[in-house]
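Given next are the chains, with one letter for each unit.
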2 protein chains.
Amino acid sequence: MAKHPKVPEATIKRLSIYMRVLKDLEKKGVEVISSAELADICGVNAAQIRKDLTYFGEFGIRGVGYYVKELHFDIRKVLGLNQRRNVALVGVGNLGRALASYRNFSDHGYNFVAAFDVDPKKVDAVLPGGVPVYPMEEMGRVAAEKGIEIAIVTTPAETAQAAVDAVVRAGIKGVLNFAPTQVQVPDGVKVKKVDLTTEFDNLVYHLYARSR
Amino acid sequence: MAKHPKVPEATIKRLSIYMRVLKDLEKKGVEVISSAELADICGVNAAQIRKDLTYFGEFGIRGVGYYVKELHFDIRKVLGLNQRRNVALVGVGNLGRALASYRNFSDHGYNFVAAFDVDPKKVDAVLPGGVPVYPMEEMGRVAAEKGIEIAIVTTPAETAQAAVDAVVRAGIKGVLNFAPTQVQVPDGVKVKKVDLTTEFDNLVYHLYARSR
């Protein structure tokens, strides 16, 4: 596939949903699905699905629908999700423990292989899910040995930048930042801020916005 | 303001970001901001901001920009966020504890006022943040007394539907479902599923998708 134009964020998010639905369909033994049925399960309209998929080339057969297994495989490849990724947790609090034990991540190809904390009392423990906790100073060595590609930062806001700096020094190129603050990274490192309050806001909008 | 056409989900999400940025600007004493500056801070382009705001009427002054305080107030009102909301946690595990103690929620107008669990050993405890834990059977009474409008479901997948059924019986109209499963609700109740794995997928796409 050739280089393609910038794909809108909303499309990427929907592709992630399509992929998950297709995975379930594949497990259930469904071989072909119409764009109308797929749209219905994904909660979008069929025109949207067709439009989203055009960013990546030709999928599906007019009048028939999509081959489930093939489309699932192709979307995974397009999204870079056709291999498992090793993930580290940075900051071992309640949220960190919850994420490390959330089996859905493993089902979707993310292996939590290590955790790091500044607190000596938390180091050398093993989190639910069997994740060992190391001191921050060992991040470079552990990241190299375990092939860690993504760091999940769940520190308090005050220490998030220091944690991210350590992640960058350790050669990890992807950061999911759950700390409630913006962090800076150099070119070549990607950071994505996860703000759970936007989920609340979105729900409240649908419940209460005065003009609906 | 009159009824308006259906606002795309992506717009709602961006409005939530604009609102947060405007709140920070207001705190810093900024009175007016150009759409180019606002766009830059929010990480979108200026045309996108102008387009997003047209769904709701006329904001801003051509050639000047936006009045920070006024725009912040108007977006909050449009999103239904101009009052605080009382929130209950259903399922007291690591994730529930993490959410209850996440002070960002309180800063954004969400008060965790109660938690519920089926496990008698967890009942009568007080979570970080001072949230009392009640047995599931008391949800109806407590929800009415405390004016709970939103339930955050953080049970395992297997018990999520039973938890949501209890929420519905208690008269709570909004559900944020963190359990890794789909749940059913009757008309008049809104449920929003929060799937943290989509955040990982999105990061991985930006890191590794082969065509970028």
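Engineer: What's the story with the sheet that holds strand 7 (residues 148–153) of chain A in this structure? I'm lost.
Structural biologist: By way of backbone hydrogen bonds, the strands of a sheet pair with one another, either parallel or antiparallel. Residues and elements named next belong to chain A. The seven strands are arranged 5-6-4-3-7-8-9 in an open sheet whose pairing can be described as mixed. Edge strands, defined here as strands with exactly one partner in the open sheet, are strand 5 (126–127) and strand 9 (190–193). Inspection of the sheet shows strand 5 paired to strand 6 (residues 131–135) by two bridges, in the antiparallel sense. Its bridge partner being in strand 6, leucine 127 is matched across the sheet by valine 131.

Engineer: Hey, could you run me through the environment of isoleucine 49 of chain A in this one?
Structural biologist: Residue and element names in this part refer to chain A. Tracing the chain through its elements places isoleucine 49 in helix 3 (residues 46–54). Assessed through its relative accessible area of 0%, isoleucine 49 is described here as buried. Setting aside residues up to four positions removed in sequence, isoleucine 49 forms contacts with Tyr18, Ser35, Leu38, Ala39, Val44 and Tyr66.

Engineer: Quick question: what am I supposed to make of the environment of leucine 15 of chain A here?
Structural biologist: Turning to its location among the elements, leucine 15 of chain A is positioned in helix 1 (residues 9–27). Distance from leucine 15 of chain A to isoleucine 49 of chain A, taken between C-alpha atoms, is 8.6 Å for residues 34 residues apart in sequence.

Engineer: I keep staring at a nonpolar patch on the surface and nothing clicks. Help me out?
Structural biologist: A surface patch of nonpolar side chains, about 320 Å² in accessible area, is lined by Val32, Ile61, Val64 and Tyr67 of chain A. In this structure, tyrosine 67 of chain A sits in strand 2 (residues 66–67).

Engineer: Any chance you could explain the interface of chain B and chain A here in plain terms?
Structural biologist: With 65 residues of chain B at the contact, the number on the chain A side is 66 residues. For the pair chain B and chain A, the summed buried area comes to about 6300 Å², and 61% of that belongs to carbon and sulfur atoms. Counting across the interface, chain B meets chain A through six salt bridges. Here arginine 20 of chain A makes a salt bridge to aspartate 201 of chain B, at a shortest N to O gap of 2.3 Å. Where chain B touches chain A, the interface holds twelve residue pairs in polar contact (both at pLDDT 80 or more). The greatest single-element share of the side of chain B that touches chain A, amounting to twelve residues, is contributed by helix 9 (residues 197–208) of chain B. When its residues are assigned to classes, the side of chain B that touches chain A shows 34 nonpolar, twelve polar and 19 charged.

So, how was this worked out
- Residues numbered from 1 in each chain as written.
- Chains lettered and ligands numbered in written order.
- Predicted model: local features only at pLDDT ≥ 70, side-chain atom pairs only at ≥ 80, totals over all residues.
- Heavy atoms only, no water.
- Pairing = 2+ DSSP bridges.
- Helix = DSSP H or I, 4+ residues; strand = E, 2+ residues; numbered from the N terminus.
- Buried < 20%, exposed > 50% of the residue type's maximum accessible area, 1.4 Å probe, protein only.
- Contact = heavy atoms within 4.5 Å.
- Patch = residues over 30% accessible without salt bridge, like charges linked within 9 Å, V, L, I, M, F, W, Y side chains within 5 Å.
- Areas by Shrake-Rupley, 256 points an atom, 1.4 Å probe, with all protein chains shown as cover.
- Salt bridge = Lys/Arg side-chain N within 4 Å of Asp/Glu carboxyl O.
- Buried area = accessible area lost by both parts, 1.4 Å probe.
- Polar contact = N/O pair within 3.5 Å; in protein donor to acceptor, adjacent residues only side chain to side chain.
- Nonpolar A, V, L, I, M, F, W, Y, C, P; charged D, E, K, R; others polar.

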